[in-house]
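Residue strings, one per chain:
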Protein chains: 2
Amino acid sequence: MPPTSPAVKAQLMELLAHSLGAHYADFATAAAAAGLTSSQAKTLTVLRRSPDSMRSLAGTLGCDASNMTGVIDRLEKRGLVRREVSPADRRVKNVALTEEGIQAIDAIRSTMNGTHAGLDRLSEAEQTELARLLSTVFPR
Amino acid sequence: MPPTSPAVKAQLMELLAHSLGAHYADFATAAAAAGLTSSQAKTLTVLRRSPDSMRSLAGTLGCDASNMTGVIDRLEKRGLVRREVSPADRRVKNVALTEEGIQAIDAIRSTMNGTHAGLDRLSEAEQTELARLLSTVFPR
DNA sequence: TATTGTTATACTCTATAACTATA
DNA sequence: TATAGTTATAGAGTATAACAATA
């Protein structure tokens, strides 16, 4: 990405934030349809790639480690994840998706692929403005 | 915006979501530095444009009207906003920023303009991929 | 001593339902 | 009757501090 003025980037981020707001709302709605909160669904998304420790999960999700206990407790109670003591370090607990957990997050992602409403929700004027800003930040 | 395959849009949204995630984190950090939560700062951002009723605020922020009571209570207690009974309809309360409220949200937005780290945090490979996807969604 | 996960605590956000003042 | 705002209630997310088990 070539150097661009902060003002242009700020405008771009603001416009994208507007669009992404709708995207996040869609994600929350899709999660709610599965009886999950955004945090729970986000956690499943992270675990979809590979099992992870409580501490590392907290880091990835950007929250304090103490929060993960409650979030994982609720997911485990519903059978979507399971805790496994690490053989290498018995202080560590690796959290992994169960078959049910995989199905739950895949269903949400499938719903998201069907909506992809983020950019479509921008008005014509906003789309034009977005294209203009993008051509400035990513010139060709 | 011309028609584009859902798969391309989904990829684009995912990449932008990654970037915007950092943007939101920056916003939350800037708000926290001012002793405000994200919800409180977002509320001030909305009010920065013009005063608004409790109900309308809830609609804009995408939450239930009952939530606004507590959020506005806390902002009012800190002298950042004030409630005013609407002369036209005495059921309605218009919420407006105080001078302190204006300064608070302007400080946060100023900090954000200084960071604009959203796009910059993408790796080289991600930026290249982003440019490619954008040229597909916004052909020139 | 340092680190991992948990617990205890407190605050905020959030939705639902019931209530009041007004229209 | 309908609407705007509030209150009561409950669940979830969040951070801080203190703790036990393990390294």
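This text goes with the structure placed above it.
Report on the accompanying structure. One numbering rule holds for all chains: residues counted from 1, following each sequence as written. Written order decides the labels, with chains lettered from A and ligands numbered from 1. For a predicted model such as this one, the threshold for reporting local features is a pLDDT of at least 70, and the threshold for listing and counting side-chain atom pairs is 80 or more; totals across whole chains, interfaces and linings nevertheless cover every residue. By convention in this description, side-chain values take in all heavy atoms of the structure and omit both hydrogens and water.

1. Here we look at the overall build of chain A
Turning to step 1, where the next piece is worked out: On a plain count of helices and strands, chain A comes out with six helices and three strands.
Turning to step 2, where the next piece is worked out: Strands are runs of DSSP state E lasting at least two residues, helices are runs of H or I lasting at least four, and both sets are numbered from the N terminus onward. Secondary structure elements of chain A occur, N-terminal to C-terminal, as α-α-β-α-α-β-β-α-α.
Turning to step 3, where the next piece is worked out: Each radius of gyration is computed over the set of C-alpha atoms, and the globule rule expresses the reference value as 2.2 Å times the number of residues to the power 0.38. Relative to the 2.2 N^0.38 estimate, which gives 14 Å for 140 residues, the radius of gyration of chain A is 19 Å and therefore markedly larger than a compact globule would have.
Turning to step 4, where the next piece is worked out: Expressed along its principal axes, the backbone C-alpha trace of chain A runs to roughly 55 × 35 × 25 Å.
Turning to step 5, where the next piece is worked out: Out of the 140 residues belonging to chain A, those deemed buried represent 41%.
Turning to step 6, where the next piece is worked out: Here the analysis covers contacts within chain A between residues at least 6 apart in sequence; of these, 56% occur between residues at least 24 apart.
Turning to step 7, where the next piece is worked out: Note that accessible areas follow from Shrake-Rupley with a 1.4 Å probe, and for residues the cover is restricted to the protein chains shown. Entry remark: accessible area of chain A is about 7,500 Å², with carbon and sulfur atoms responsible for 52%. Using a 1.4 Å probe on the protein chains alone, a residue whose accessible area is under 20% of its type maximum counts as buried, one over 50% counts as exposed, and one in between counts as partly exposed. The contact definition used throughout considers only heavy atoms, calling two residues in contact when any of these lie within 4.5 Å.

2. Digging into the side chain of Asp52(B)
Residues and elements named next belong to chain B.
Turning to step 1, where the next piece is worked out: By secondary structure assignment, the location of Asp52 is in strand 1 (residues 52-53).
Turning to step 2, where the next piece is worked out: Look at Asp52: it is buried, it has no salt bridge, and the nearest opposite charge is Arg49 at 9.6 Å.
Turning to step 3, where the next piece is worked out: Here the side chain of Asp52 touches Ser56 through a polar contact of 2.9 Å, side chain to side chain.
Turning to step 4, where the next piece is worked out: For Asp52, the residues in contact, after removing those within four places along its chain, are Leu47, Leu57, Thr60, Lys93, Asn94 and Val95. For the purpose of charge, His is not counted, nor are the chain termini; Lys and Arg are scored as positive and Asp and Glu as negative. In the sections that follow, a salt bridge refers to a side-chain nitrogen of Lys or Arg positioned within 4 Å of a carboxyl oxygen of Asp or Glu. Pairing of N or O atoms within 3.5 Å defines a polar contact, subject to two protein rules: one partner must be a possible hydrogen donor and the other a possible acceptor, and residues neighboring in sequence count only if both atoms are side-chain atoms.

3. Describing the protein's contact with DNA strand C
Turning to step 1, where the next piece is worked out: Here a residue counts as near a molecule or strand whenever at least one of its heavy atoms sits within 4 Å of it. Around DNA strand C sit 21 residues in total, of which Arg55(A), Thr37(B), Asp64(B), Asn67(B) and Arg74(B) are the nearest.
Turning to step 2, where the next piece is worked out: Taking the atoms of DNA strand C that fall within 4 Å of the protein, sugar and phosphate contribute 68% of them.
Turning to step 3, where the next piece is worked out: Taking Lys93(A), its main chain carries an N or O atom lying 3.1 Å from a phosphate oxygen of DNA strand C.
Turning to step 4, where the next piece is worked out: Among the secondary structure elements, those contributing two or more residues to the surface near DNA strand C are helix 3 (54-61) and helix 4 (65-77) of chain A together with helix 2 (38-49) and helix 4 (65-77) of chain B.
Turning to step 5, where the next piece is worked out: Counting residues per element, the surface near DNA strand C draws most heavily on helix 4 of chain B, which supplies four residues.
Turning to step 6, where the next piece is worked out: Gly is placed with the polar residues, together with every amino acid not listed as nonpolar (Ala, Val, Leu, Ile, Met, Phe, Trp, Tyr, Cys and Pro) or charged (Asp, Glu, Lys and Arg). Broken down by class, the residue content of the surface near DNA strand C amounts to four nonpolar, eight polar and nine charged.

4. Focus: the protein's contact with DNA strand D
Turning to step 1, where the next piece is worked out: Lining the immediate environment of DNA strand D, one finds 22 residues, of which Thr37(A), Asp64(A), Asn67(A), Arg74(A) and Arg55(B) sit closest.
Turning to step 2, where the next piece is worked out: Counting only atoms of DNA strand D within 4 Å of the protein, the sugar-phosphate share comes to 66%.
Turning to step 3, where the next piece is worked out: Between Asp64(A) and DNA strand D, the recorded distance is 2.5 Å, taken from a backbone N or O atom to a phosphate oxygen.
Turning to step 4, where the next piece is worked out: Residue Arg90(A) places a side-chain N or O atom 3.1 Å away from a phosphate oxygen belonging to DNA strand D.
Turning to step 5, where the next piece is worked out: Looking at the surface near DNA strand D, the elements with two or more residues in it are helix 2 (38-49) and helix 4 of chain A together with helix 3 (54-61) and helix 4 of chain B.
Turning to step 6, where the next piece is worked out: A per-element tally of the surface near DNA strand D places helix 4 of chain A first, with four residues.
Turning to step 7, where the next piece is worked out: When the residues that make up the surface near DNA strand D are grouped by side-chain class, the tally is five nonpolar, eight polar and nine charged.

5. Re the pattern of salt bridges
All names here are of chain A.
Turning to step 1, where the next piece is worked out: Scanning the entire structure with this criterion turns up 12 salt bridges over all chains.
Turning to step 2, where the next piece is worked out: In this structure, Asp106 engages Arg48 in a salt bridge whose closest nitrogen and oxygen atoms are separated by 2.9 Å. Of this pair, Asp106 sits in helix 5 (residues 99-115) while Arg48 sits in helix 2, and the two are 58 residues apart along the sequence.
Turning to step 3, where the next piece is worked out: On the basis of relative accessible area, Asp106 is assigned to the partly exposed category, the value being 30%.
Turning to step 4, where the next piece is worked out: One network of salt bridges, with partners in common, ties together Asp73, Glu76 and Arg83.

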